[in-house]
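Working through the structure, step by step
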Amino acid sequence: MKIAIYPGSFDPITKGHLDVLHTGTEIFDKVIIAVAKNSEKKSFLTVDERVNLIKESVQHLENVEVDSFEGLTIEYAKRKGAQILLRGLRAVSDFEYEMQLSQANSALSSDIKTVFLITKPKYNFISSSTIKEIFLNGGDISKFVPAPVEEYLNKRNKC
Ligand code: ADP
């Protein structure tokens, strides 16, 4: 059984992330989308909020598990019995960082391979940070995020 881990911050999950995840589910038997708990990075949503929003956004996908983890991604992948790390690529600007990360991971464990997927052009420019910026300035984010994220953020804003 080919199991892939799709790790990331997902702060919040976007339609770009979902597009990569969806393609991943067509290639692999199971994809575990996992929120990385990173105390260094200042986050917008808590890990629990992010996990819950992902769960609500992936209900239509059968072979997806939603989780969170702490520590090295490669160790988490081993614990889950995964052979693949799934990552998305948008522009050339993502490439250098992603290449370094994947080479560091394969130096730590040569058994686990990173697979990169490219999103549809219409999702290419979407990043969680752009979405936060648009949302915090009162813009419409419905085109960029799944419905549960938009609903949750709008509700939270009114509280
Ligand atoms: P991280 O903090 O690990 O970069 P992100 O949530 O920002 O976490 O991204 C997780 C993965 O999804 C990364 O591989 C990133 O390049 C990819 N990604 C983010 N947005 C998009 C998008 N719009 N299209 C394709 N891949 C994306």
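Note that the coordinates shown come from a computational prediction; the quantities given were computed from them, not determined experimentally.

Calculation rules
Residues numbered from 1 in each chain as written. Predicted model: local features only at pLDDT ≥ 70, side-chain atom pairs only at ≥ 80, totals over all residues. Heavy atoms only, no water. Helix = DSSP H or I, 4+ residues; strand = E, 2+ residues; numbered from the N terminus. Rg over C-alpha atoms; globule rule 2.2 N^0.38 Å. Contact = heavy atoms within 4.5 Å. Areas by Shrake-Rupley, 256 points an atom, 1.4 Å probe, with all protein chains shown as cover. Near = heavy atom within 4 Å. Polar contact = N/O pair within 3.5 Å; in protein donor to acceptor, adjacent residues only side chain to side chain. 1 Å grid on protein atoms, 1.4 Å probe; cavity = no way out; pocket = protein on both sides within 12 Å on 5 of 7 lines; lining within 4 Å. Sits in = over half its atoms within 2 Å of the grid points. Nonpolar A, V, L, I, M, F, W, Y, C, P; charged D, E, K, R; others polar. Phe/Tyr/Trp six-rings, centres within 6.5 Å; stacked < 30°, edge-to-face > 60°. Buried < 20%, exposed > 50% of the residue type's maximum accessible area, 1.4 Å probe, protein only. Lys NZ or Arg CZ within 6 Å of the ring centre and 35° of its normal. Points joined across faces, edges and corners; volume = space filled by probe spheres on them.

Here we take up the overall build of the protein. When helices and strands are tallied, the protein shows 6 helices and 5 strands. Along the protein, helices and strands appear, N-terminal first, in the series β-α-β-α-β-α-β-α-β-α-α. For 159 residues, the compact-globule formula gives about 15 Å, and the C-alpha radius of gyration of the protein, at 15 Å, lands near that figure. Intrachain contacts of the protein at a sequence separation of at least 6 include 75% that bridge at least 24 residues. Accessible surface computed for the protein: about 9000 Å², of which carbon and sulfur atoms make up 50%.

Its location among the elements puts Glu-49 in helix α2 (residues 47-57). Apart from the residues within four sequence positions on either side, Glu-49 is in contact with Tyr-152 and Arg-156.

Right, let's talk about the site of the ligand for a bit. Near the ligand lie 18 residues; those nearest to it are Ser-9, Lys-41, Gly-88, Tyr-123 and Ile-126. Here Ser-9 contributes a side-chain N or O atom positioned 2.6 Å from an oxygen atom of the ligand. In the model, a nitrogen atom of the ligand is placed 3.3 Å from a nitrogen or oxygen of the Arg-90 side chain. In the complex, 90% of the free accessible area of the ligand, which totals 550 Å², lies under the protein chains. When each cavity is represented as a set of grid points, the ligand is found to reside in the largest pocket. Those elements that provide at least two residues to the shell around the ligand are β1 (3-8), α1 (15-27), β4 (84-89) and α4 (92-108). Taken together, the residues of the shell around the ligand break down into 7 nonpolar, 6 polar and 5 charged.

Going through the model one piece at a time under the given rule, you end up with 3 aromatic pairs. Consider the rings of Tyr-6 and Phe-10, whose centres lie 5.1 Å apart with planes at 80°: the pair is edge-to-face. On the basis of relative accessible area, Tyr-6 is assigned to the buried category, the value being 4%. The class for Phe-10 is buried, based on a relative accessible area of 2%. Above the ring of Phe-44, the side-chain terminus of Arg-156 is found at 5.1 Å from the ring centroid.

Estimates place the volume of the largest pocket at around 1200 Å³. Lining the largest pocket we find 46 residues, and of these Pro-7, Gly-8, Ser-9, Lys-41 and Arg-87 sit closest to its centre. Breaking the lining of the largest pocket down by element, the ones donating at least two residues are β1, α1, α2, β4, α4 and α5 (128-136). Ranked by residue count, the leading element in the lining of the largest pocket is α4, at 9 residues.

The next point concerns the environment of Ser-142. Tracing the chain through its elements places Ser-142 in the loop between α5 and α6 (147-158). By relative accessible area, which is 28% here, Ser-142 ends up partly exposed. Sequence-distant contacts of Ser-142, that is, excluding residues within four places in its chain, are made with Lys-15 and Glu-150.

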